[in-house]
Amino acid sequence: MIVQLLLSFVASSLFGVIFNIPKRLLPHSGFVGMSGWAMYMAAARSGVDGVAATFAAAFFVAFVSNGFARRYRTPATIFIVSGIIPLVPGGTAFEAMRHVVMNDYNAAISLAAKAFMISGAIAMGLIFSEVVNQLVKRRP
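Here the structure is a predicted model, which is why all the values come from computation and not from measurement. (Residues numbered from 1 in each chain as written. Predicted model: local features only at pLDDT ≥ 70, side-chain atom pairs only at ≥ 80, totals over all residues. Heavy atoms only, no water.)

### Let's talk about the packing of helix α3 (residues 50–72) against helix α6 (residues 105–138)
Remark: α3 packs on α6, axes separated minimally by 7 Å, with the N-to-C direction vectors making an angle of 40°. As judged from the angle between their axes, α3 and α6 are oblique. Two packed elements cross with a definite hand, and for α3 against α6 that hand is right-handed. For the contact of α3 with α6, the class distribution of residues is 14 nonpolar, five polar and three charged. (Axes fitted to C-alpha atoms, helices over the stretch in contact; angles between N-to-C directions. Helix = DSSP H or I, 4+ residues; strand = E, 2+ residues; numbered from the N terminus. Parallel < 35°, antiparallel > 145°, perpendicular 65-115°, else oblique. Left-handed = near helix turned anticlockwise from the far one by under 90°. Nonpolar A, V, L, I, M, F, W, Y, C, P; charged D, E, K, R; others polar.)

### Some points on the UniProt feature "transmembrane region" (unreviewed entry) in the protein chain
In the numbering used here, UniProt assigns the feature "transmembrane region" (unreviewed entry) to residues 40–64, 76–94 and 106–129. Annotation note: span residues 40–64, helix share 84%, strand share 0%, distance between end C-alpha atoms 14 Å. The span residues 76–94 is 63% helix and 0% strand, and its two end C-alpha atoms sit 29 Å from each other. (UniProt positions renumbered as here; feature names shortened; annotations may be inferred.)

### Examining the nonpolar core
In this structure, Val32, Phe79, Ile80, Ile84, Leu87, Ile122 and Leu126 are the most contacted members of the largest nonpolar core, which totals 23 residues. Mapped by element, the contributors of at least two residues to this core are α2 (26–45), α3, α4 (77–83) and α6. Considering every element that reaches this core, the biggest residue donor is α3, with seven residues. Residues within four places of Leu87 in sequence aside, it is in contact with Gly36, Trp37, Tyr40, Thr54, Ala57, Ala58, Val61, Ile118 and Ile122. (Core = buried A, V, L, I, M, F, W, Y, C linked by side-chain atoms within 4.5 Å. Buried < 20%, exposed > 50% of the residue type's maximum accessible area, 1.4 Å probe, protein only. Contact = heavy atoms within 4.5 Å.)

### Notes on the packing of aromatic side chains
Scanning the model with the defined rule gives six aromatic pairs in all. A centroid spacing of 5.6 Å and a plane angle of 80° characterise the contact between Phe55 and Phe128, whose relative ring orientation is edge-to-face. Of this pair, Phe55 sits in helix α3 while Phe128 sits in helix α6; the two residues are 73 residues apart in sequence, bridging distant segments of the chain. For Phe55, a relative accessible area of 27% translates into the label partly exposed. Here the aromatic rings of Phe68 and Phe79 are separated by 5.5 Å at their centres, their planes lie at 55°, and the arrangement is tilted. Residue Phe68 is located in helix α3, and its partner Phe79 is located in helix α4; the two are separated by 11 residues in the primary sequence. With a relative accessible area of 15%, Phe68 lands in the buried category. Taking relative accessible area as the criterion, Phe79 reaches 0% and is therefore assigned buried. Through a chain of ring-to-ring contacts, the aromatic side chains of Phe31, Phe68, Tyr72 and Phe79 assemble into a single cluster. (Phe/Tyr/Trp six-rings, centres within 6.5 Å; stacked < 30°, edge-to-face > 60°.)

Now the structure itself:
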């Protein structure tokens, strides 16, 4: 578990380098990715479905990103983009394509549907977090 958290921190930070975010914010973007992955692992280990766990983790990533954006006076996108990297279902999408190439269409459709649902859960988690953020901002 510690290794996974460390690797998600490194991956998120390095994607921050690729996206050219300010160097002083790289540890923060790594923390966002690591905390999102920790939330996903905690939800998945407690028996929650992978799609629902991804939704919760994406919501948390966006929530933490908005907090960092306010604190450091930067766009939340800086933290969100690198923070969701550990949640992206790249391996599942790769396996789906591999099964297509091997003419195993039943497995391919199943894996592609799972990758699509996980991607949708990421998008919905980010959107719902933004809606909650806007509602909180509008309260007097």
